[in-house]
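Each chain is listed here by its residues.
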Amino acid sequence: MLIMRSLLPAVAEQLFRDIQKAYQETSQIPDDLLIALKFVFGPCALQALNLVDQHSVTCLSSSSGRKAFQVIGGSGRLYTCFVSCHYCPCPAFAYTVLRRNEGPLCKHILAVYLCQAMAVTQEESVSDQQMSAVLSGTALP
Amino acid sequence: MTDILTGVFRTFTSKTDVKKDLTVVPASACSALLLGDSSISRSVLLLSAVTAASELGVRVVFFAQTQIQSLPVSLKKCVPSLSPESLKKIKFSYPRTLEELLQQVASLHESQNTSPTPPSLIIVDRLEGYLGGTHSGDKSSAAHLSALLCDSAAFLTQILKERSPSSAPCRLIASYRSEVDSDYAGGESSATDHILDVLDRYFQMRCTLDRDRSYEAAAAGLQELWHVYLSASSITEDCTTDSETRPAVAKEWQLLISADGSMEFKMA
(Lines give C-alpha, C1' and ligand atoms only; values in the text may rest on other atoms or scores of the structure.)
Protein backbone atom coordinates (compact mmCIF):
# COMPACT_ATOMS: atom_id res chain seq x y z
CA MET A 1 0.00 0.00 0.00
CA LEU A 2 1.31 3.43 -0.87
CA ILE A 3 2.14 5.52 2.15
CA MET A 4 1.26 8.70 0.30
CA ARG A 5 -2.42 7.88 0.30
CA SER A 6 -2.72 9.97 3.46
CA LEU A 7 -1.94 12.99 1.30
CA LEU A 8 -5.13 12.61 -0.70
CA PRO A 9 -8.64 13.68 0.25
CA ALA A 10 -10.80 10.89 1.66
CA VAL A 11 -12.93 10.72 -1.50
CA ALA A 12 -9.87 9.90 -3.60
CA GLU A 13 -8.68 7.25 -1.15
CA GLN A 14 -12.10 5.60 -1.22
CA LEU A 15 -12.13 5.74 -5.00
CA PHE A 16 -8.83 3.84 -5.23
CA ARG A 17 -10.14 1.24 -2.77
CA ASP A 18 -13.26 0.82 -4.90
CA ILE A 19 -11.19 0.53 -8.08
CA GLN A 20 -8.95 -2.05 -6.42
CA LYS A 21 -11.93 -4.16 -5.36
CA ALA A 22 -13.73 -3.89 -8.69
CA TYR A 23 -10.61 -4.72 -10.68
CA GLN A 24 -9.84 -7.72 -8.49
CA GLU A 25 -13.33 -9.07 -9.13
CA THR A 26 -13.88 -8.17 -12.77
CA SER A 27 -10.47 -7.23 -14.24
CA GLN A 28 -11.87 -3.92 -15.38
CA ILE A 29 -12.87 -0.56 -14.00
CA PRO A 30 -16.66 -0.03 -14.18
CA ASP A 31 -18.02 3.10 -15.86
CA ASP A 32 -19.25 4.71 -12.66
CA LEU A 33 -15.77 4.58 -11.17
CA LEU A 34 -14.26 5.96 -14.36
CA ILE A 35 -16.69 8.86 -14.20
CA ALA A 36 -15.84 9.40 -10.54
CA LEU A 37 -12.13 9.33 -11.40
CA LYS A 38 -12.61 12.01 -14.02
CA PHE A 39 -14.72 14.07 -11.65
CA VAL A 40 -12.13 13.97 -8.88
CA PHE A 41 -8.98 14.38 -10.96
CA GLY A 42 -10.14 16.19 -14.09
CA PRO A 43 -8.36 15.83 -17.44
CA CYS A 44 -5.37 14.01 -16.08
CA ALA A 45 -7.59 11.02 -15.24
CA LEU A 46 -7.84 9.88 -18.86
CA GLN A 47 -4.17 10.64 -19.49
CA ALA A 48 -3.26 8.53 -16.47
CA LEU A 49 -5.46 5.66 -17.65
CA ASN A 50 -3.66 5.74 -21.00
CA LEU A 51 -0.35 5.41 -19.16
CA VAL A 52 -1.77 2.46 -17.22
CA ASP A 53 -2.87 0.79 -20.48
CA GLN A 54 0.63 1.22 -21.85
CA HIS A 55 2.16 -0.49 -18.78
CA SER A 56 4.11 2.66 -18.09
CA VAL A 57 4.65 2.31 -14.35
CA THR A 58 7.52 0.33 -12.84
CA CYS A 59 8.37 -0.09 -9.19
CA LEU A 60 12.13 -0.11 -8.73
CA SER A 61 13.53 -1.97 -5.73
CA SER A 62 17.08 -2.14 -4.50
CA SER A 63 18.69 -4.63 -2.13
CA SER A 64 18.52 -2.08 0.70
CA GLY A 65 14.72 -2.27 0.44
CA ARG A 66 14.41 1.24 -0.94
CA LYS A 67 11.72 1.68 -3.56
CA ALA A 68 10.76 4.28 -6.15
CA PHE A 69 8.40 4.45 -9.09
CA GLN A 70 9.41 5.20 -12.65
CA VAL A 71 6.79 6.27 -15.15
CA ILE A 72 7.33 6.41 -18.90
CA GLY A 73 5.64 9.59 -20.04
CA GLY A 74 3.85 10.16 -23.31
CA SER A 75 7.03 11.49 -24.86
CA GLY A 76 8.99 8.44 -23.80
CA ARG A 77 10.76 10.32 -21.02
CA LEU A 78 11.26 8.59 -17.65
CA TYR A 79 9.89 10.30 -14.54
CA THR A 80 10.84 9.20 -11.03
CA CYS A 81 8.16 9.46 -8.35
CA PHE A 82 8.53 8.73 -4.65
CA VAL A 83 6.57 6.15 -2.67
CA SER A 84 5.76 8.30 0.33
CA CYS A 85 5.00 11.79 -0.98
CA HIS A 86 3.93 13.59 -4.12
CA TYR A 87 6.62 14.74 -6.45
CA CYS A 88 7.18 14.42 -10.18
CA PRO A 89 9.83 16.15 -12.28
CA CYS A 90 7.39 16.67 -15.18
CA PRO A 91 6.47 20.18 -16.37
CA ALA A 92 2.78 19.62 -15.49
CA PHE A 93 3.60 19.00 -11.83
CA ALA A 94 5.79 22.10 -11.73
CA TYR A 95 3.13 24.26 -13.34
CA THR A 96 -0.27 22.91 -12.36
CA VAL A 97 0.55 21.62 -8.89
CA LEU A 98 3.39 23.76 -7.57
CA ARG A 99 2.82 27.02 -9.36
CA ARG A 100 -0.93 27.22 -9.79
CA ASN A 101 -1.94 24.87 -6.94
CA GLU A 102 -4.70 23.48 -9.14
CA GLY A 103 -4.47 19.88 -8.08
CA PRO A 104 -2.56 17.50 -5.82
CA LEU A 105 -0.90 15.50 -8.56
CA CYS A 106 -0.02 15.03 -12.24
CA LYS A 107 -0.97 12.19 -14.59
CA HIS A 108 2.23 10.29 -13.75
CA ILE A 109 1.53 10.18 -10.00
CA LEU A 110 -2.11 9.32 -10.70
CA ALA A 111 -0.95 6.51 -12.97
CA VAL A 112 1.14 5.18 -10.07
CA TYR A 113 -1.90 5.13 -7.77
CA LEU A 114 -4.00 3.40 -10.42
CA CYS A 115 -1.38 0.78 -11.24
CA GLN A 116 -0.99 0.01 -7.55
CA ALA A 117 -4.77 -0.27 -7.09
CA MET A 118 -5.02 -2.54 -10.13
CA ALA A 119 -1.84 -4.46 -9.25
CA VAL A 120 -0.41 -3.94 -12.73
CA THR A 121 2.82 -2.21 -11.73
CA GLN A 122 5.91 -3.67 -13.39
CA GLU A 123 8.71 -4.69 -11.04
CA GLU A 124 12.42 -4.16 -11.54
CA SER A 125 15.45 -4.68 -9.32
CA VAL A 126 18.33 -2.23 -9.34
CA SER A 127 21.52 -1.93 -7.35
CA ASP A 128 21.72 0.38 -4.35
CA GLN A 129 23.94 2.77 -6.30
CA GLN A 130 21.56 2.84 -9.25
CA MET A 131 18.70 3.56 -6.85
CA SER A 132 20.63 6.49 -5.38
CA ALA A 133 21.22 7.88 -8.87
CA VAL A 134 17.53 7.52 -9.75
CA LEU A 135 16.36 9.20 -6.55
CA SER A 136 18.77 12.12 -6.89
CA GLY A 137 17.86 12.62 -10.53
CA THR A 138 21.40 12.10 -11.71
CA ALA A 139 20.64 8.93 -13.63
CA LEU A 140 20.48 9.14 -17.40
CA PRO A 141 16.91 8.78 -18.71
CA MET B 1 11.29 8.17 23.04
CA THR B 2 10.07 11.74 22.65
CA ASP B 3 10.08 13.82 19.54
CA ILE B 4 13.38 15.62 18.96
CA LEU B 5 12.11 19.19 19.29
CA THR B 6 10.05 18.21 22.34
CA GLY B 7 13.24 16.76 23.79
CA VAL B 8 15.24 19.90 23.04
CA PHE B 9 12.66 22.29 24.47
CA ARG B 10 12.07 20.21 27.57
CA THR B 11 15.75 19.50 28.20
CA PHE B 12 16.59 23.18 28.11
CA THR B 13 13.59 24.44 30.06
CA SER B 14 14.25 25.84 33.49
CA LYS B 15 13.31 23.17 36.04
CA THR B 16 11.18 25.70 37.88
CA ASP B 17 9.20 26.40 34.76
CA VAL B 18 7.74 22.96 34.10
CA LYS B 19 3.99 23.47 34.04
CA LYS B 20 1.48 21.22 32.37
CA ASP B 21 2.48 18.11 30.53
CA LEU B 22 2.28 19.66 27.12
CA THR B 23 3.80 18.21 23.99
CA VAL B 24 5.77 20.56 21.81
CA VAL B 25 5.25 18.79 18.54
CA PRO B 26 2.49 16.23 17.88
CA ALA B 27 3.89 12.73 17.76
CA SER B 28 2.62 12.29 14.22
CA ALA B 29 4.71 15.19 12.87
CA CYS B 30 8.00 13.85 11.54
CA SER B 31 9.30 16.88 9.71
CA ALA B 32 9.83 20.44 10.90
CA LEU B 33 11.00 23.56 9.10
CA LEU B 34 12.89 26.15 11.14
CA LEU B 35 12.32 29.65 9.87
CA GLY B 36 14.44 32.51 11.02
CA ASP B 37 17.80 34.15 11.08
CA SER B 38 20.58 31.79 9.93
CA SER B 39 22.69 31.99 13.07
CA ILE B 40 19.88 31.21 15.53
CA SER B 41 18.56 28.45 13.29
CA ARG B 42 21.96 26.83 13.17
CA SER B 43 22.19 27.01 16.97
CA VAL B 44 18.81 25.29 17.34
CA LEU B 45 19.79 22.68 14.75
CA LEU B 46 23.05 21.96 16.55
CA LEU B 47 21.19 21.78 19.85
CA SER B 48 18.78 19.28 18.26
CA ALA B 49 21.63 17.18 16.91
CA VAL B 50 23.51 17.17 20.17
CA THR B 51 20.37 16.42 22.21
CA ALA B 52 19.43 13.56 19.92
CA ALA B 53 22.92 12.07 20.04
CA SER B 54 23.68 12.49 23.74
CA GLU B 55 20.29 12.47 25.49
CA LEU B 56 18.41 10.11 23.16
CA GLY B 57 21.43 8.15 21.95
CA VAL B 58 20.40 8.11 18.28
CA ARG B 59 22.39 8.64 15.11
CA VAL B 60 22.15 11.97 13.37
CA VAL B 61 23.09 13.10 9.86
CA PHE B 62 23.77 16.84 9.62
CA PHE B 63 24.05 18.47 6.19
CA ALA B 64 25.43 21.99 5.86
CA GLN B 65 27.17 24.06 3.20
CA THR B 66 29.64 25.73 5.53
CA GLN B 67 31.81 23.68 7.80
CA ILE B 68 31.19 23.64 11.53
CA GLN B 69 34.66 24.04 12.93
CA SER B 70 33.70 23.29 16.50
CA LEU B 71 30.67 23.20 18.70
CA PRO B 72 29.90 26.47 20.46
CA VAL B 73 31.17 26.54 24.04
CA SER B 74 27.66 27.40 25.22
CA LEU B 75 26.37 24.16 23.73
CA LYS B 76 28.94 22.13 25.61
CA LYS B 77 27.81 23.81 28.82
CA CYS B 78 24.13 23.23 28.02
CA VAL B 79 24.41 19.51 27.43
CA PRO B 80 26.06 17.88 30.43
CA SER B 81 25.89 14.41 28.91
CA LEU B 82 27.86 15.55 25.86
CA SER B 83 30.86 13.31 25.31
CA PRO B 84 33.15 12.35 22.42
CA GLU B 85 31.30 9.03 22.26
CA SER B 86 27.92 10.68 21.81
CA LEU B 87 29.34 13.20 19.35
CA LYS B 88 30.48 10.30 17.17
CA LYS B 89 26.80 9.59 16.59
CA ILE B 90 26.54 12.80 14.57
CA LYS B 91 27.81 12.60 11.02
CA PHE B 92 28.50 16.00 9.50
CA SER B 93 28.44 16.26 5.72
CA TYR B 94 29.20 19.38 3.71
CA PRO B 95 27.70 19.15 0.21
CA ARG B 96 28.49 22.37 -1.60
CA THR B 97 25.77 22.30 -4.22
CA LEU B 98 22.16 21.17 -4.52
CA GLU B 99 23.26 18.31 -6.75
CA GLU B 100 25.76 17.06 -4.14
CA LEU B 101 23.12 17.35 -1.41
CA LEU B 102 20.61 15.39 -3.50
CA GLN B 103 23.20 12.67 -4.12
CA GLN B 104 24.13 12.39 -0.46
CA VAL B 105 20.52 12.31 0.74
CA ALA B 106 19.60 9.82 -1.99
CA SER B 107 22.34 7.47 -0.81
CA LEU B 108 21.20 7.41 2.83
CA HIS B 109 19.58 4.03 2.14
CA GLU B 110 22.92 2.43 1.24
CA SER B 111 24.39 0.00 3.72
CA GLN B 112 27.34 2.16 4.79
CA ASN B 113 24.81 4.73 6.06
CA THR B 114 22.40 2.32 7.75
CA SER B 115 25.00 0.24 9.58
CA PRO B 116 25.25 -0.45 12.44
CA THR B 117 22.05 1.57 12.95
CA PRO B 118 20.23 3.93 10.59
CA PRO B 119 20.08 7.61 11.47
CA SER B 120 17.01 8.73 13.41
CA LEU B 121 17.42 12.40 12.64
CA ILE B 122 18.22 14.15 9.36
CA ILE B 123 19.17 17.81 9.63
CA VAL B 124 19.72 20.23 6.77
CA ASP B 125 21.07 23.69 7.55
CA ARG B 126 20.17 26.66 5.33
CA LEU B 127 18.03 25.24 2.56
CA GLU B 128 18.11 28.66 0.90
CA GLY B 129 21.82 28.19 0.23
CA TYR B 130 21.06 25.12 -1.86
CA LEU B 131 17.84 26.31 -3.45
CA GLY B 132 18.90 29.77 -4.56
CA GLY B 133 16.79 31.81 -2.14
CA THR B 134 13.32 33.32 -2.25
CA HIS B 135 13.61 35.29 -5.47
CA SER B 136 15.87 33.17 -7.62
CA GLY B 137 15.02 29.70 -6.38
CA ASP B 138 13.41 27.07 -8.56
CA LYS B 139 10.19 25.58 -7.18
CA SER B 140 10.66 22.21 -8.80
CA SER B 141 14.11 21.82 -7.25
CA ALA B 142 12.70 22.81 -3.87
CA ALA B 143 9.98 20.18 -4.27
CA HIS B 144 12.47 17.52 -5.37
CA LEU B 145 14.78 18.12 -2.42
CA SER B 146 11.92 18.30 0.10
CA ALA B 147 10.26 15.18 -1.28
CA LEU B 148 13.56 13.29 -1.31
CA LEU B 149 14.25 14.28 2.30
CA CYS B 150 10.76 13.20 3.41
CA ASP B 151 10.89 9.97 1.44
CA SER B 152 14.33 9.17 2.87
CA ALA B 153 13.07 9.80 6.41
CA ALA B 154 10.08 7.54 5.71
CA PHE B 155 12.37 4.77 4.45
CA LEU B 156 14.71 5.07 7.45
CA THR B 157 11.66 4.90 9.73
CA GLN B 158 10.72 1.64 8.06
CA ILE B 159 14.22 0.22 8.64
CA LEU B 160 14.30 1.43 12.26
CA LYS B 161 10.96 -0.24 12.99
CA GLU B 162 11.98 -3.47 11.24
CA ARG B 163 15.00 -3.70 13.52
CA SER B 164 13.13 -2.60 16.63
CA PRO B 165 9.33 -2.26 16.49
CA SER B 166 9.27 0.22 19.36
CA SER B 167 11.65 2.63 17.60
CA ALA B 168 10.61 6.20 17.11
CA PRO B 169 10.36 7.35 13.50
CA CYS B 170 13.20 9.08 11.71
CA ARG B 171 12.75 12.84 12.07
CA LEU B 172 13.65 15.58 9.65
CA ILE B 173 14.50 19.16 10.63
CA ALA B 174 15.66 21.77 8.14
CA SER B 175 16.26 25.48 8.40
CA TYR B 176 15.27 28.10 5.85
CA ARG B 177 15.68 31.84 5.84
CA SER B 178 13.01 33.66 3.90
CA GLU B 179 13.89 36.94 2.22
CA VAL B 180 10.25 38.01 2.53
CA ASP B 181 9.54 39.94 5.69
CA SER B 182 6.04 38.97 6.80
CA ASP B 183 4.23 39.84 9.97
CA TYR B 184 3.63 36.67 11.99
CA ALA B 185 0.43 37.74 13.71
CA GLY B 186 -1.48 38.62 10.60
CA GLY B 187 0.44 36.58 8.08
CA GLU B 188 -0.12 39.42 5.64
CA SER B 189 2.71 40.38 3.37
CA SER B 190 2.95 42.20 0.12
CA ALA B 191 5.27 39.56 -1.33
CA THR B 192 5.00 35.78 -1.14
CA ASP B 193 7.89 33.42 -0.70
CA HIS B 194 7.16 30.86 -3.41
CA ILE B 195 9.92 28.55 -2.25
CA LEU B 196 8.46 28.56 1.26
CA ASP B 197 5.06 27.68 -0.24
CA VAL B 198 6.66 24.61 -1.77
CA LEU B 199 8.49 23.66 1.42
CA ASP B 200 5.19 23.91 3.34
CA ARG B 201 3.82 21.13 1.13
CA TYR B 202 6.31 18.67 2.52
CA PHE B 203 7.22 19.80 6.04
CA GLN B 204 4.49 19.06 8.57
CA MET B 205 5.48 21.58 11.23
CA ARG B 206 6.81 25.09 11.01
CA CYS B 207 8.94 26.51 13.83
CA THR B 208 9.40 30.27 13.41
CA LEU B 209 12.18 32.01 15.34
CA ASP B 210 11.55 35.71 15.72
CA ARG B 211 13.94 37.98 17.55
CA ASP B 212 12.44 40.17 20.25
CA ARG B 213 13.03 43.78 19.33
CA SER B 214 11.70 45.33 22.53
CA TYR B 215 13.62 46.13 25.67
CA GLU B 216 12.46 42.92 27.31
CA ALA B 217 15.75 41.14 26.65
CA ALA B 218 17.89 43.93 28.03
CA ALA B 219 15.57 44.35 31.00
CA ALA B 220 16.02 40.67 31.83
CA GLY B 221 19.79 40.89 31.46
CA LEU B 222 19.78 38.68 28.40
CA GLN B 223 22.01 38.82 25.36
CA GLU B 224 19.13 37.81 23.07
CA LEU B 225 15.49 36.89 23.41
CA TRP B 226 13.70 34.97 20.68
CA HIS B 227 10.07 34.11 20.26
CA VAL B 228 9.48 30.59 19.03
CA TYR B 229 6.19 29.90 17.27
CA LEU B 230 5.07 26.41 16.30
CA SER B 231 2.41 25.79 13.71
CA ALA B 232 1.26 22.92 11.55
CA SER B 233 1.75 23.40 7.84
CA SER B 234 -1.54 24.48 6.22
CA ILE B 235 -1.33 21.96 3.41
CA THR B 236 -0.22 18.81 5.16
CA GLU B 237 -2.10 19.27 8.39
CA ASP B 238 -3.88 16.08 9.33
CA CYS B 239 -7.52 16.85 8.56
CA THR B 240 -8.79 13.46 9.60
CA THR B 241 -8.09 14.00 13.30
CA ASP B 242 -10.76 15.84 15.21
CA SER B 243 -9.12 18.97 16.55
CA GLU B 244 -10.84 18.52 19.90
CA THR B 245 -9.20 15.15 20.47
CA ARG B 246 -5.66 16.23 19.54
CA PRO B 247 -3.22 16.44 22.45
CA ALA B 248 -2.51 19.97 23.63
CA VAL B 249 0.42 21.51 21.79
CA ALA B 250 2.46 24.30 23.31
CA LYS B 251 2.58 26.67 20.39
CA GLU B 252 4.56 29.59 21.72
CA TRP B 253 7.89 29.49 23.50
CA GLN B 254 10.72 31.83 24.24
CA LEU B 255 14.40 31.15 23.73
CA LEU B 256 16.56 33.03 26.19
CA ILE B 257 20.25 33.46 25.40
CA SER B 258 22.42 34.76 28.19
CA ALA B 259 25.61 36.78 27.85
CA ASP B 260 27.69 33.61 28.34
CA GLY B 261 25.84 31.97 25.44
CA SER B 262 23.80 29.52 27.46
CA MET B 263 20.35 28.82 26.05
CA GLU B 264 17.08 28.16 27.81
CA PHE B 265 13.59 27.53 26.51
CA LYS B 266 10.58 28.82 28.31
CA MET B 267 6.89 28.38 27.62
CA ALA B 268 5.37 31.73 26.75
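Because the structure is predicted, anything quoted here is derived from the model rather than measured.

Turning our eyes to something else, we now look at the overall build of chain B. The secondary structure content of chain B amounts to eleven helices and nine strands. The burial tally for chain B puts 53% of its 268 residues in the buried class. A fraction of 73% describes how many contacts in chain B between residues 6 or more apart in sequence connect residues 24 or more apart.

The subject of this paragraph is the side chain of B:Ser38. Assignment of secondary structure puts B:Ser38 in helix 2 (residues 38-54). Non-local contacts of B:Ser38, meaning those with residues more than four positions away in its chain, are made with B:Arg126, B:Glu128 and B:Arg177.

Okay, the interface of chain A and chain B next. Interfaces are frequently sized by the accessible area removed from exposure as the parts join. At the interface, 25 residues of chain A touch 23 residues of chain B. Together, the buried faces of chain A and chain B total about 2,000 Å²; carbon and sulfur atoms form 56% of this surface. A per-residue breakdown of the area chain A buries against chain B is headed by A:Arg66, A:Tyr87 and A:Leu98, which together make up 32% of the total. Here B:Asp151 ties to A:Arg66 by a salt bridge, and the two come within 2.7 Å at their closest N and O atoms.

Attention now moves to the sheet that holds strand 2 (residues 67-72) of chain A. Residues and elements named next belong to chain A. The strand order across the open sheet formed by four strands is 3-2-1-4, and the pairing between neighbours is mixed. The sheet is open, and its two borders are formed by strand 3 (78-81) and strand 4 (122-126), each paired with just one other strand. Geometrically, the sheet is characterised by an average inter-axis angle of 30° between neighbouring strands, direction not taken into account. Looking at chain direction, strand 2 and strand 3 are connected through four bridges and run antiparallel. Among the inter-strand pairings, Gln70 is bridged to a residue of strand 3, identified as Thr80.

A few words now on the confidence of the model for chain B. Residues and elements named next belong to chain B. In this model, chain B carries an average pLDDT of 81, and 78% of its residues clear a pLDDT of 70 or more. Considering only residues more than four positions removed or in separate chains, one finds that residues 183-189, a stretch of pLDDT under 50, has six contacts. This stretch, residues 235-247, has a pLDDT under 50; its non-local contacts, to residues over four places away or in other chains, come to eleven contacts. Interface confidence for the predicted complex, given as ipTM, is 0.93, next to a pTM of 0.88.

Take the environment of B:Asp37 next. Residue and element names in this part refer to chain B. When you line up the elements, Asp37 lands in the loop between strand 1 (31-35) and helix 2. The partly exposed category is assigned to Asp37, whose relative accessible area is 34%. Along the backbone, Asp37 and Arg126 are 89 residues apart, and their C-alpha atoms lie at a distance of 9.7 Å.

That bond from B:Ser115 to B:Pro116 is cis: its omega, -10°, falls within 30 degrees of zero. Structurally, B:Pro116 is set in the loop between helix 6 (111-114) and strand 4 (121-124). Unusually for a residue other than glycine, A:Ser27 sits at a positive phi of about 60°. Looking at where A:Ser27 falls in the secondary structure, it is placed in the loop between helix 1 (10-26) and helix 2 (31-41). Positive phi values are uncommon outside glycine, yet A:Ala119 reaches one of about 55°. Note on placement: A:Ala119 falls in the loop between helix 5 (107-118) and strand 4.

Turning to the sheet that holds strand 9 (residues 263-267) of chain B, a few remarks are in order. Residues and elements named next belong to chain B. Ordered in space as 3-2-4-5-1-6-7-8-9, the nine strands form an open sheet in which the pairing is mixed. Each edge of the sheet is formed by a strand with only one pairing partner; in this case those strands are strand 3 (90-93) and strand 9. With direction set aside, neighbouring strand axes in the sheet form an average angle of 20°. In terms of strand pairing, strand 7 (residues 224-232) meets strand 8 (residues 252-257) through six bridges, oriented antiparallel. Bridged to Tyr229 within strand 8 is Glu252.

Definitions and limits used
- Residues numbered from 1 in each chain as written.
- Chains lettered and ligands numbered in written order.
- Predicted model: local features only at pLDDT ≥ 70, side-chain atom pairs only at ≥ 80, totals over all residues.
- Heavy atoms only, no water.
- Helix = DSSP H or I, 4+ residues; strand = E, 2+ residues; numbered from the N terminus.
- Buried < 20%, exposed > 50% of the residue type's maximum accessible area, 1.4 Å probe, protein only.
- Contact = heavy atoms within 4.5 Å.
- Buried area = accessible area lost by both parts, 1.4 Å probe.
- Salt bridge = Lys/Arg side-chain N within 4 Å of Asp/Glu carboxyl O.
- Pairing = 2+ DSSP bridges.
- Axes fitted to C-alpha atoms, helices over the stretch in contact; angles between N-to-C directions.
- pLDDT = per-residue confidence, 0-100.

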